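Breakdown of the fold
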There are 6 protein chains.
Amino acid sequence: MTRILVVNPNSTAAVTDSMNAALEILRTPGAPEIVCRTLTGTPAGIETQEDVESVVMPTLRYLRENSADAYVIGCFSDPGLAVCREAIKAPVLGIAESGYLTAAGLAEKFGVVSIKKGSIARHLRQIRMLGLEGKLAADRALDMGVLELADRKRSIARIIEVGTELRDRDGAGVLILGCASMGTYRAEIEKALGLPVVDPTQAAVMRAEGLLRLGYAKIA
Amino acid sequence: MTRILVVNPNSTAAVTDSMNAALEILRTPGAPEIVCRTLTGTPAGIETQEDVESVVMPTLRYLRENSADAYVIGCFSDPGLAVCREAIKAPVLGIAESGYLTAAGLAEKFGVVSIKKGSIARHLRQIRMLGLEGKLAADRALDMGVLELADRKRSIARIIEVGTELRDRDGAGVLILGCASMGTYRAEIEKALGLPVVDPTQAAVMRAEGLLRLGYAKIA
Amino acid sequence: MTRILVVNPNSTAAVTDSMNAALEILRTPGAPEIVCRTLTGTPAGIETQEDVESVVMPTLRYLRENSADAYVIGCFSDPGLAVCREAIKAPVLGIAESGYLTAAGLAEKFGVVSIKKGSIARHLRQIRMLGLEGKLAADRALDMGVLELADRKRSIARIIEVGTELRDRDGAGVLILGCASMGTYRAEIEKALGLPVVDPTQAAVMRAEGLLRLGYAKIA
Amino acid sequence: MTRILVVNPNSTAAVTDSMNAALEILRTPGAPEIVCRTLTGTPAGIETQEDVESVVMPTLRYLRENSADAYVIGCFSDPGLAVCREAIKAPVLGIAESGYLTAAGLAEKFGVVSIKKGSIARHLRQIRMLGLEGKLAADRALDMGVLELADRKRSIARIIEVGTELRDRDGAGVLILGCASMGTYRAEIEKALGLPVVDPTQAAVMRAEGLLRLGYAKIA
Amino acid sequence: MTRILVVNPNSTAAVTDSMNAALEILRTPGAPEIVCRTLTGTPAGIETQEDVESVVMPTLRYLRENSADAYVIGCFSDPGLAVCREAIKAPVLGIAESGYLTAAGLAEKFGVVSIKKGSIARHLRQIRMLGLEGKLAADRALDMGVLELADRKRSIARIIEVGTELRDRDGAGVLILGCASMGTYRAEIEKALGLPVVDPTQAAVMRAEGLLRLGYAKIA
Amino acid sequence: MTRILVVNPNSTAAVTDSMNAALEILRTPGAPEIVCRTLTGTPAGIETQEDVESVVMPTLRYLRENSADAYVIGCFSDPGLAVCREAIKAPVLGIAESGYLTAAGLAEKFGVVSIKKGSIARHLRQIRMLGLEGKLAADRALDMGVLELADRKRSIARIIEVGTELRDRDGAGVLILGCASMGTYRAEIEKALGLPVVDPTQAAVMRAEGLLRLGYAKIA
């Protein structure tokens, strides 16, 4: 049985738990085992660029020390993606790139729901890097306080509000949740907006499984 | 158990058999059932635009009359993709769009191996339509006679020749086989070129399974 | 004397009459004869993708059976354009592609006035396919009921409203009427907005005449 | 009867004669009168940027002093196009922009046949300005001496040579002659290459006639 | 000591004085001498395209007759840039191109503050020509009357208003002042908006100095 | 007197010496002091992605501990650029981004001379990230052995060979040396090819000085 290891580079187990819950949907009979792990000694959240960079080498080390058939880096900044991909034989997937690529196949234009306004420029750089800028409808931020974000109901209400703008004003035909830990909200948002919603962690694990099943582990 | 129906719009069962063989890799325990079917009363091969258009409504009819959890249209011209997607509730995937999207995630630039020079402009239109022109390294044709194409050894040798040009002159980091029925050649080409090779039929079935597993059937 | 045959793929003669009226401007002495015809046995309107696909082969058949020096497919979805162009020796023009190309020469950015919101994604695919996405200011829909649309005065008022947004908010320097049968409204809208307005049917017939006059019939 | 005035900004009457001959094809009964004129006191050829700029104000003056229903500036550098268009009420067309726009509608990618290598960067700037860079296959220069260029047979042979490269290596589906005075070669080149060839002067006059016939004189 | 000559192509000395004041910041010990000059016999302001073209040859003449190590054309329409660059051995810089290139390095997207709405299309053409359209957030006009523009306080207030829209609605991370004579407002606008603001004249002189210091005078 | 600190993230002093020599041209009276430093404890060369990532945090630490008015990261992979820019108040410049931006202003298309073929994909990602892919003519590798690279004469000969291809086959109008330590070769290559050549380290230091001189230190 193959195993996909999802690493949460921040040290907050609640985030890992949330990813784990959203991945339950992929734990079907015969499917690869999906294991979610939390790094230790890293920041509690990945907010600044320094947070991002500080987890790159720890993530690489963790992957080297924990064998799996494929790896997913569970942070929407894709920290360490390039280095892990080059240094590790098994497929390594980023959740942001996976979210963008999956959404690119679901509509003409995708909208990104970001947590903070400050990360929009970083997302744009990555979308450009992937050659997908032509598919971007817009990237809009929730800009909520920490307390509000912790409130599931309020978060979903705000995501629906921002998602409505992305759909009606910017022409998005699919939404990407720009965060590792909102995957369990998908169903409610999809129902409210009538649009497919991409949880980047689910998208990355599914892509990892696909690469394994199709035998790309030996090559890419 | 869910079922993915792969429809070969041309009436040549040998093409369907070839797809079927290439899909064997995805028939793992617990995975969706993959059924390949051949249309009847359609052209033996899809070469001209008239061939393409002539199978659109028959494909739609076939999908309507044969229920499945997801459908794959097994022809690199994606005939009827838009209409089936709009008219059918279940996910419908084209193999060309799936090949392009999958390859987009495997390298900075993809190369397309076409059978005939005459189809390159049609491919370009579709790549543009998907917003992926920036990812195209080049599209080069085998331009082989029918007899040669029937010869597996000669076909693979010619694909490797063209693939070498795509890799070394055009900078492709991944190749797409621009045809429904060359999937069983993948391993040999990958080995010879050291690049991942995308069989569009495999890519489409894997995407279909992913959409089903992640619950997009209800929305997209 | 050369003859341009304009085919309305839907079966509503009133639409054909409206195109015919808008083309009166091109019936000058010495100009090609312009004949407008209505298909029979096709949907009354082309709204869904199934409507589009269902008229493709009938349109091809009609062109084959009715000789002309050039053909125009009079529906903003350009149904059957690729197949007719490949199968017929004479030039075949789509009204949507003609509208986009003509508008591209009249301003830095063009705005599209669509009837229904649901067709905007389809337009975007075609604009991308033509390589003209960089020229698109925006595509906005009238979203009017059938009764209102039948009312010339109300329609023009709503087009002017939407056109004002395209001009002032989106920066469009020219408008394209995203429909085969609004050509007779052009003058009033141009006067109200101070922008050139492209009727796609007029644009297509003019392009057809140009190709004939310049002798491209023998080559393209 | 309407009148289109084609102005050759250089002072060489032989160039004007050549344009005039290529335009004969558009002088059909009922068509606008096409008059070709040569500026005086301007350079014998437009080769350097200083040549280009030196004819801008003389061209504007000439248009102001010679009334017509539409104007074509007969030089592939489109000198004075922006200023004449802004200052003159009647439509003013450039032959380069007209060549690019016409070719954009005839194939997925166009190739440009330039006289001199040194003008390729200038062409690229203009193609970008028009938003059409995605349609450019390549721009290749004849790089012939003056004497050779004067030899019709040699010129055509060299254009066919360069056109073959544009078609086979760069994937051009249509060629643009990057010069005002090679329009009479079109037929021979089209026959040799099997591709449509755009003479920019013919394309511009045809566009001018189209704008007049469709009543854009009052607006654009 | 090297000398950079900044030429104001319009004949209004007050504009030259304003540029001169904004350039004071670059007059540091050891830096090149920066001399600002006003053309005579040219329009008082460069507003229409005819104004632009009418100063091209006078600008070229002035540069030829006044030797310097590098030249800056001090008008946001970059009149005569191409011809001066080709005809003059020393580096010649346009302030618009310099503003765009400098801003491209300061944020993911730049916003342009234009004086008049009518110049936005002209700016777009130039930004496309430079290949930088992907970096443009938006271009918005002040659209103030002449009297208001003469009022420094009011102008700054309006620029801040427009800049706020460019920052918050369009996502601009840096602003470009689309005018030669607003450089002395930079500090106040930067303070109010918290964004870097590019004065194109300063940007051009700095680029000129850089090219000289790095020895590009001999080559480019 | 202001000070620009150039940090060589690898631990090979010879590379730092080479940069230092190439920067001599910018040490003019009144100019900022330019200091070049070598990190210790880092790899001898930055070749793999792991080399790149391993120097990110050490570079940030070094910048924090060594005050300067502006910083340049002297490695063509721009390691740590984003994090240093966010974490440090003073301007931080990458040599790769500076090379691309400087070259973008010197010709319509730039060519990149890479040391190794394996880094071309990484360069492409960064060029896309900057929104400059439309300016790229091509990126070609020297692919020389270590011994040959150490030989100045052989290196220059090979760069001229590759540069000739970039100029003549790919249409590059300016070359970028894709390496921190070839700046002293510039003059010989420029002379041989007749094209401007951008040394990225020189370009970055010049940009840094420009930002300081124009007062962007307080804002960007």
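Scroll up a little and you will see the structure.
Residues numbered from 1 in each chain as written. Chains lettered and ligands numbered in written order. Predicted model: local features only at pLDDT ≥ 70, side-chain atom pairs only at ≥ 80, totals over all residues. Heavy atoms only, no water.

**A short note on the sheet that holds strand S2 (residues 33–38) of chain A**
Residue and element names in this part refer to chain A. To be explicit about the condition: Two strands qualify as a pair provided DSSP detects at least 2 bridges between them. To qualify as a helix, a DSSP run of H or I must reach at least 4 residues; to qualify as a strand, a run of E must reach at least 2; elements of each kind are numbered from the N terminus. Inter-axis angles, ranging from 0 to 180 degrees, are taken between N-to-C directions of lines fitted to C-alpha atoms, where helices are fitted over the stretch in contact.
Here 4 strands make up an open sheet; going across it, the order is S2-S1-S3-S4 and the pairing parallel. At either margin of the open sheet sits one strand with a lone partner, and together these are S2 and strand S4 (92–94). Direction aside, the axes of adjacent strands within the sheet are offset by 20° on average.

**Examining the packing of aromatic side chains**
Selection rule: Two aromatic rings, drawn from Phe, Tyr or Trp (for Trp, its six-membered ring), form a pair once their centres lie within 6.5 Å of each other, and the interplanar angle then sorts them: stacked below 30 degrees, edge-to-face above 60, tilted otherwise. Counting as a charge over the ring demands two things of the Lys NZ or Arg CZ atom: a distance within 6 Å of the ring centre and an angle within 35 degrees of the ring normal.
The tally for this structure, following the rule as stated, stands at 12 aromatic pairs over all chains. Members of the aromatic cluster, joined through ring pairs, are Phe-76, Tyr-100 and Phe-110 of chain A. Geometry around Tyr-216 of chain B places Arg-186 of chain A over its ring, the cationic atom sitting 4.2 Å from the centre.

**Observations concerning the side chain of Thr-16 of chain A**
All names here are of chain A. Counted only if it meets this: Note on exposure labels: buried denotes an accessible area under 20% of the residue type's maximum, exposed denotes more than 50%, and partly exposed covers the range between, all computed with a 1.4 Å probe on protein chains only. Residue contacts are defined here by distance: any two heavy atoms, one from each residue, within 4.5 Å place the two residues in contact.
Along the chain, the position of Thr-16 falls in helix H1 (residues 13–23). For Thr-16, a relative accessible area of 4% corresponds to the buried category. The contacts of Thr-16, once residues within four sequence positions are left out, are Asn-8, Cys-36, Arg-37 and Thr-38.

**Things to note about the relation of the copies chain F and chain E**
What counts, and what does not: We place the copies in one frame by least squares, fitting the C-alpha atoms of every residue whose pLDDT is at least 70 in both.
Note on the copies: chain F fits chain E at an RMSD of 0.0 Å, the axial shift is 0.0 Å, and the rotation between them is 180°. In symmetry terms, the pair is related by a two-fold rotation axis. Using C-alpha coordinates, one finds that chain F approaches the rotation axis most closely at Gly-30 of chain F, a distance of 2.3 Å. Here 100% of the interface residues in chain F have copies in chain E that are interface residues too; the copies meet face to matching face.

**Comments concerning the arrangement of the chains**
Separating chain A from chain D is a minimum C-alpha gap of 13 Å, and the two share no contact. Where chain C comes nearest to chain F, the C-alpha atoms are still 13 Å apart, and the two do not contact one another.

**Considerations on the sheet that holds strand S1 (residues 3–8) of chain C**
Residue and element names in this part refer to chain C. As summarised here, the arrangement of the 4 strands in space is S2-S1-S3-S4, forming an open sheet in which the pairing is parallel. Sheet topology places strand S2 (33–38) and strand S4 (92–94) at the edges, where each strand pairs with a single neighbour. The sheet shows a mean angle of 20° between the axes of neighbouring strands, taken without regard to direction. Of the pairings in the sheet, the one linking S1 to strand S3 (residues 70–73) comprises 4 bridges and is parallel in character. Among the inter-strand pairings, Ile-4 is bridged to a residue of S3, identified as Ala-70. The strands touched by helix H3 (residues 56–65) within the sheet are S1, S2, S3 and S4, with S1 carrying the most contacts at an inclination of about 155°. Lying over the sheet, helix H5 (residues 95–104) contacts S3 and S4, oriented at roughly 70° with respect to S4.

What is shown is where atoms sit, not what they do.
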